[in-house]
Amino acid sequence: MHNPLSILQKLEHPLFDKYNLDVRVKRDDLLHNIISGNKWRKLKYNLEQLKANDYQGALTFGGSYSNHIHAFAYACKQQNIPCIGVIRGEANYASNFTLSWARHWGMQCHFVDRKTYRRRFETSFIGELKALYPNYFVIPEGGSNSLAIPGVAEILTELNNQVDFDTLMTPVGSGGTLAGLISGDSAANQKQHKILGIAVLKQAEYLIDDIKCLLTDEAKNHDNWQLLTNFHRGGYGKFSADDVKRIITFNQQTGVCFEPIYSGKMVLALLDLIVQGYFKQQERIVLLHTGGLQGLGGMIEQDRLDAKDWPPLAKIGNQ
Ligand SMILES: *Cc1c(COP(=O)(O)O)cnc(C)c1O
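You'll find the protein chain entered in an unreviewed UniProt entry as Cysteine desulfhydrase, with Colwellia psychrerythraea given as the organism. The UniProt entry for the protein chain carries the following text under Cofactor (unreviewed entry): "pyridoxal 5'-phosphate". Under Sequence similarities (unreviewed entry), UniProt gives the following word-for-word description of the protein chain: "Belongs to the ACC deaminase/D-cysteine desulfhydrase family."

Structural data, given as structure tokens:
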């Protein structure tokens, strides 16, 4: 996949002035119209591996509103790769915002119940799927495998050429993106930065081991990173009316759109941490915008968000 350079944009906000902070956002949401930010980075070398070998197609896993499923379906269409999505939920989700697009781009959805979906990392379950879909390349949920790491690590190479900074923040779901950033920072052979992950799910402490497993050997003793687990706002996909209001206000103040599942939780954590005195004077902070705006489609469709507060559906998640 051709590597466009995502821009780095300075954000203006009264709180940043008051606390004397320099905050910029790495606009990976602009990398591609459809293949959302960090999913693009994680898929890059997975797709290369796929194409270099003689696979029949590709298979992956996700929830029925998953950004990864949406991005994966489009990336496979683009490269003419047959693809299967093993989807948590019932077949009637097939016509929701995310899966309508995924199917439109040619993904075949294989629906499984929650209990079966829990087996998604088990060798026995993957074996059953491989028997059903022989010679398919299997990519885990979220695209977070070892091939995701070098793709995400390239963000650090780009950033080091774009700006001097102290801290890099990212939202965290499965931990693949955070692991890639830590690995990239450790490889960059420059002053190490602080890499700060904001977990978007509840009881996310278990992710620390998953992240350590994904790190490159060189990065395993890199200790300049942290996963903050107190900013999940009630759990994955959960947020209060006040959380949404604060995100919308921030979007209006900065002119950048953050959504409430991932990047918006990072924004709320940033604002809370600033007021708590977490950052030092003149700290230079970079936020990674991981994309994910297609997720707004499902939330608007379910009346969890009001369409008038967000970009038009025609601008998120489709061509
Ligand atoms: C998938 C996703 C994440 C989480 O990335 P992980 O590598 O799973 O931690 C963050 N932001 C957005 C927008 C995503 O779609």
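Let us keep going from here.
Below, the discussion takes up helix H9 (residues 207–214). Buried within H9 we find Leu-207, Ile-211 and Leu-214. Seen end-on, H9 carries its buried residues on one side only, within an arc spanning 65°. Across from the buried face of H9, at angles greater than 90 degrees, the exposed residues are Asp-209 and Cys-213. Here the buried face of H9 lies against helix H7 (148–162), strand S7 (167–172), helix H8 (176–187) and strand S9 (225–228).

Below, the discussion takes up the side chain of Ser-263. Secondary-structure assignment places Ser-263 in helix H11 (residues 263–275). Overall, Ser-263 belongs to the buried group, its relative accessible area being 0%. Ignoring anything within four residues of it in the chain, the contact list for Ser-263 reads Pro-171, Phe-258, His-289, Thr-290 and Gly-291.

Let's shift gears to the packing of aromatic side chains. One pass over the full model with this rule turns up 9 aromatic pairs. Arranged with centres 5.4 Å apart and planes meeting at 25°, the rings of Trp-101 and Trp-105 form a pair that is stacked. The exposure class of Trp-101 is partly exposed, given its relative accessible area of 21%. Judged by centre distance (5.0 Å) and plane angle (80°), the ring pair of Tyr-278 and Phe-279 falls under edge-to-face. In this structure Phe-279 comes out as buried when scored by relative accessible area, which is 11%. In textbook terms, an aromatic cluster arises when at least three aromatic residues are bridged by ring pairs, as seen for Phe-16, Phe-250 and Phe-258. The positively charged end of Lys-39 is found above the aromatic ring belonging to Tyr-262, 5.7 Å away from the centroid.

All right, on to the sheet that holds strand S8 (residues 194–199) then. With mixed pairing, 6 strands are arranged side by side in an open sheet as S1-S2-S10-S7-S8-S9. The sheet terminates laterally at strand S1 (8–10) and S9, the two strands that pair on one side only. Strand-to-strand twist of the sheet, defined as the mean angle between neighbouring strand axes without regard to direction, takes the value 25°. As paired strands, S8 and S9 are joined by 4 bridges and run parallel to one another. Paired with Gly-197 across the two strands is Leu-227, which belongs to S9. Across the sheet, H8 touches S7, S8, S9 and strand S10 (284–288), and the angle it forms with S8 is around 180°. H11 contacts strand S2 (22–26), S7, S8, S9 and S10 of the sheet and is inclined by roughly 135° relative to S7.

Conventions and cut-offs
- Residues numbered from 1 in each chain as written.
- Predicted model: local features only at pLDDT ≥ 70, side-chain atom pairs only at ≥ 80, totals over all residues.
- Heavy atoms only, no water.
- UniProt positions renumbered as here; feature names shortened; annotations may be inferred.
- Buried < 20%, exposed > 50% of the residue type's maximum accessible area, 1.4 Å probe, protein only.
- Helix = DSSP H or I, 4+ residues; strand = E, 2+ residues; numbered from the N terminus.
- Arc of directions from axis to C-beta.
- Contact = heavy atoms within 4.5 Å.
- Phe/Tyr/Trp six-rings, centres within 6.5 Å; stacked < 30°, edge-to-face > 60°.
- Lys NZ or Arg CZ within 6 Å of the ring centre and 35° of its normal.
- Pairing = 2+ DSSP bridges.
- Axes fitted to C-alpha atoms, helices over the stretch in contact; angles between N-to-C directions.

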